[in-house]
Amino acid sequence: MTTNSAYQPPTRSRPGGTTGQRPPSPRHTPGAFDGIKVLDAATLVAGPMIATYMGEYGADVIKVEQPGSGDPIRQWGANKGDINLMWKSLGRNKRCVSLNLRVEAGQELFRRLAAEIDVVILNARPSALERWGISYEDLASRNEGLVMIHVTGYGAGGPYSDKAGFGTISEAMSGFAHITGEADGPPTLPGFMLADCTAAVHGAFAVSAALLHRERTGQGQLIDLSLLEPLARFAEQATLTYDQLGKIPGRVGNKWAISVPRNTYKTGDGHWIALSGSAQSVALKVFDAIGRPELREDPEYADPLRRIVNRDAVDDLIADWIRQRSLQTVMQQFDDHGVAAGPVYNAQQLMADPHLKARGTFVPVKDEDLDEVRVQAPVARMSQTPGVIRYLGRSVGQDNRDVLHELLGVGDEEFKRLDDGGAL
C-alpha cells in the first residue's frame, strides 16, 4: 500500500470481559513511542532488548513467551533466591503473555494479536516461522502497516540463513575476537553479550526508521537483522585496512595500532587506569602531565606516526611514571593537564562514581519480588520525551487476561477455552 497520508493503526470496539490487573505505573510521561504497540516474541537478548529500548520511550510492549519456562533469559546469570536478576532489567515495562506457538490455536492467536500491533519482533529460524504460519507475509496479509524485525544469527539470503547462531559465534566471525587479546595470546571473547547488544542498538534504530517511513507513506516493512553484521560494522577498521592495503591487523592487547598512547596502566597502590591519546593535542598533554614537556619537541614522541612506531618506548615511559604514584595522584595530575584518562572500574566502583550518581545513571525501582532494584536508567536523555522505567520484569503469562481482552476482546469463556486447549 502506498499513500500520501500518515498511517493510522486500526481501532475497533471490544466486547466486555474480565481483565487482569494492569502493571503498576507511576505518573505518565509522554514518550516518543506513545501509541505504538510492540509484540516482543523474541528470546534471549538482541530482539528483546530492542523492545526494552522502545518500552523505555513509551511503547506498549507485550512480551510473548512459551508457557511455563518463558524466555530462556530468565535462567541466565545470577539469581536472588529464585528470582532472575537479568530478566528484571531486560523485562522492564513489558506486559507478559504466554503463548504456545507450537500448536495451531497458539499460532492463530499470535496472528490475531499481530493484526492489532505496530511492531513485531521475532528471532526464530526462518523455517520455524514458515512452519508456524507467522512469517512476515503471513502477518502482513492481515496488517499492511506492520513493521516486523526478524533477528537471526546470520540474516536471510545466504547458505547460513537457517543455521543456529548465537552472539558468541558472531563475536568470533565478525573479526572482533581476532583483534582482541594479547599479541601472543588466543583470540579473546568479551565477558558480556556484546554482539547481541550491538545488534539491538542497530535494530532499535531500524525500527524507528521504519516507523518514520510508515508515518510518511503508510507502508510497513520487514527488517532483516543479523547478529554478525552489526559487530562487523563496528570492527570495520580491520576490513578497510585489508581491502586497501592487503594487511590483516592482529592482536595488540590494550594498545591500538593507530593511536599512541592507548593502554591500561597499574598505579602504585594497585589500581588500574586507562589512557587515550587519540587526539594529537591530548597526546602531547600527557608529556606535560608526567613532567617531560621537552618530549613535545622530540619528533620520536611528538610526531603521531613516529610515536606509533615507538609505542613501546612511549608506553614504558608512561607506565613507569604511573606505577610510582597513587591512583588519586595520577588522576589529579592528568585532570589538571586535560589528559583523557579514567579508572578501570568494577561494578561497585561504577555505581559509586559521583558523576554517574549525579546524572542518575543507576536508579532504584520498586519491584513486587525484590522490593527495590537499582538498574541502569534509559541511556539517551531526551528533553521532551524522556525514557521512563515504570516497572521491572514480570512473571510468565502474568498479563494474559488483560492483554487478550484489551486487544482481541477475549472474554471469560474464550479465555478458558484457549487456556484449556493449551494455547496459553
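Right above here is the structure, for reference.
In this report, we go over the structure that sits alongside the text.

Definitions and cut-offs
Residues numbered from 1 in each chain as written. Predicted model: local features only at pLDDT ≥ 70, side-chain atom pairs only at ≥ 80, totals over all residues. Heavy atoms only, no water. Helix = DSSP H or I, 4+ residues; strand = E, 2+ residues; numbered from the N terminus. Buried < 20%, exposed > 50% of the residue type's maximum accessible area, 1.4 Å probe, protein only. Contact = heavy atoms within 4.5 Å. Areas by Shrake-Rupley, 256 points an atom, 1.4 Å probe, with all protein chains shown as cover. Lys, Arg positive; Asp, Glu negative; His and termini not counted. Charge placed at Lys NZ, Arg CZ, Asp CG, Glu CD. Patch = residues over 30% accessible without salt bridge, like charges linked within 9 Å, V, L, I, M, F, W, Y side chains within 5 Å. Salt bridge = Lys/Arg side-chain N within 4 Å of Asp/Glu carboxyl O. Pairing = 2+ DSSP bridges. Axes fitted to C-alpha atoms, helices over the stretch in contact; angles between N-to-C directions. 1 Å grid on protein atoms, 1.4 Å probe; cavity = no way out; pocket = protein on both sides within 12 Å on 5 of 7 lines; lining within 4 Å. Points joined across faces, edges and corners; volume = space filled by probe spheres on them.

## Focus on the overall build of the chain
For step 1, the next point in the chain: Secondary structure summary: the chain contains 18 helices and 13 strands in total.
For step 2, the next point in the chain: Referenced to the eigenvectors of the C-alpha coordinate spread, the extents of the chain come out at roughly 85 × 50 × 45 Å.
For step 3, the next point in the chain: The 424 residues of the chain split such that 45% are buried.
For step 4, the next point in the chain: Sequence separation of at least 24 residues holds for 69% of the intrachain contacts in the chain that already meet a minimum separation of 6.
For step 5, the next point in the chain: Surface accessibility of the chain: about 21,400 Å² in total, with carbon and sulfur atoms responsible for 53%.
For step 6, the next point in the chain: Seen as two clouds, the 45 positive and the 52 negative side-chain charges of the chain have centres 2 Å apart.

## A look at unusual backbone geometry
For step 1, the next point in the chain: Of note, the bond from Val 260 into Pro 261 is cis; its omega dihedral lies within 30 degrees of zero at 0 degrees.
For step 2, the next point in the chain: On the secondary structure map, Pro 261 appears in the loop between α9 (236–245) and β9 (262–266).
For step 3, the next point in the chain: With a phi close to 65 degrees, Leu 44 is a non-glycine residue in the positive phi region.
For step 4, the next point in the chain: Looking at where Leu 44 falls in the secondary structure, it is placed in the loop between β1 (37–40) and α1 (46–56).
For step 5, the next point in the chain: Of the residues examined, Leu 44 reaches a relative accessible area of 14% and is grouped as buried.

## Overview of a nonpolar patch on the surface
For step 1, the next point in the chain: Taken together, the side chains of Tyr 160, Phe 166, Ile 169 and Met 173 present a nonpolar region at the surface, about 390 Å² in accessible area.
For step 2, the next point in the chain: Secondary-structure assignment places Tyr 160 in the loop between β7 (147–152) and α6 (167–173).
For step 3, the next point in the chain: Here Tyr 160 falls in the partly exposed class, since its relative accessible area comes to 40%.

## Quick notes on the sheet that holds strand β10 (residues 272–276)
For step 1, the next point in the chain: The strand order across the open sheet built from three strands is β9-β10-β11, with neighbouring strands paired in antiparallel fashion. Edge positions in the open sheet fall to β9 and β11 (341–343), since each of these has one partner strand only. Ignoring strand direction, the axes of neighbouring strands in this sheet form an average angle of 20 degrees.
For step 2, the next point in the chain: In this structure, β10 lies alongside β11, joined through three bridges in antiparallel fashion. Bridged to Ile 273 within β11 is Pro 343.

## Concerning helix α10 (residues 280–289)
Residues spaced three or four apart along an α-helix point in a common direction, a consequence of the helix completing one turn every 3.6 residues.
For step 1, the next point in the chain: Where α10 is concerned, the buried positions are Val 282, Ala 283, Leu 284, Val 286, Phe 287 and Ala 289.
For step 2, the next point in the chain: Buried residues along α10 sit against β10, α11 (299–302), α12 (304–309), α13 (311–322) and α14 (327–336).
For step 3, the next point in the chain: Backbone geometry just after α10 places Gly 291 at a positive phi near 75 degrees.

## Digging into the sheet that holds strand β6 (residues 119–122)
For step 1, the next point in the chain: Strand order in the open sheet made by the six strands is β5-β2-β1-β6-β7-β8, with parallel pairing throughout. Lying at the two open borders of the sheet, with one neighbouring strand each, are β5 (94–98) and β8 (221–226). Strand-to-strand twist of the sheet, defined as the mean angle between neighbouring strand axes without regard to direction, takes the value 20 degrees.
For step 2, the next point in the chain: Across six bridges, the pairing between β7 and β8 is parallel. Looking at the pairing, His 150 lines up with Asp 224 of β8.
For step 3, the next point in the chain: Each of β1, β2 (60–65), β5, β6, β7 and β8 is contacted by α1, which is oriented at about 155 degrees to β1, the strand it contacts most.
For step 4, the next point in the chain: Across the sheet, helix α7 (residues 194–217) touches β6, β7 and β8, and the angle it forms with β8 is around 165 degrees.

## Overview of empty space enclosed by the protein
For step 1, the next point in the chain: Enumeration over the complete set of coordinates arrives at one cavity of 30 Å³ or more.
For step 2, the next point in the chain: Volume-wise, the largest cavity comes out at about 30 Å³.
For step 3, the next point in the chain: Together, Lys 255, Trp 256, Ser 259, Val 260, Pro 261, Arg 262, Arg 311 and Asp 315 line the largest cavity.

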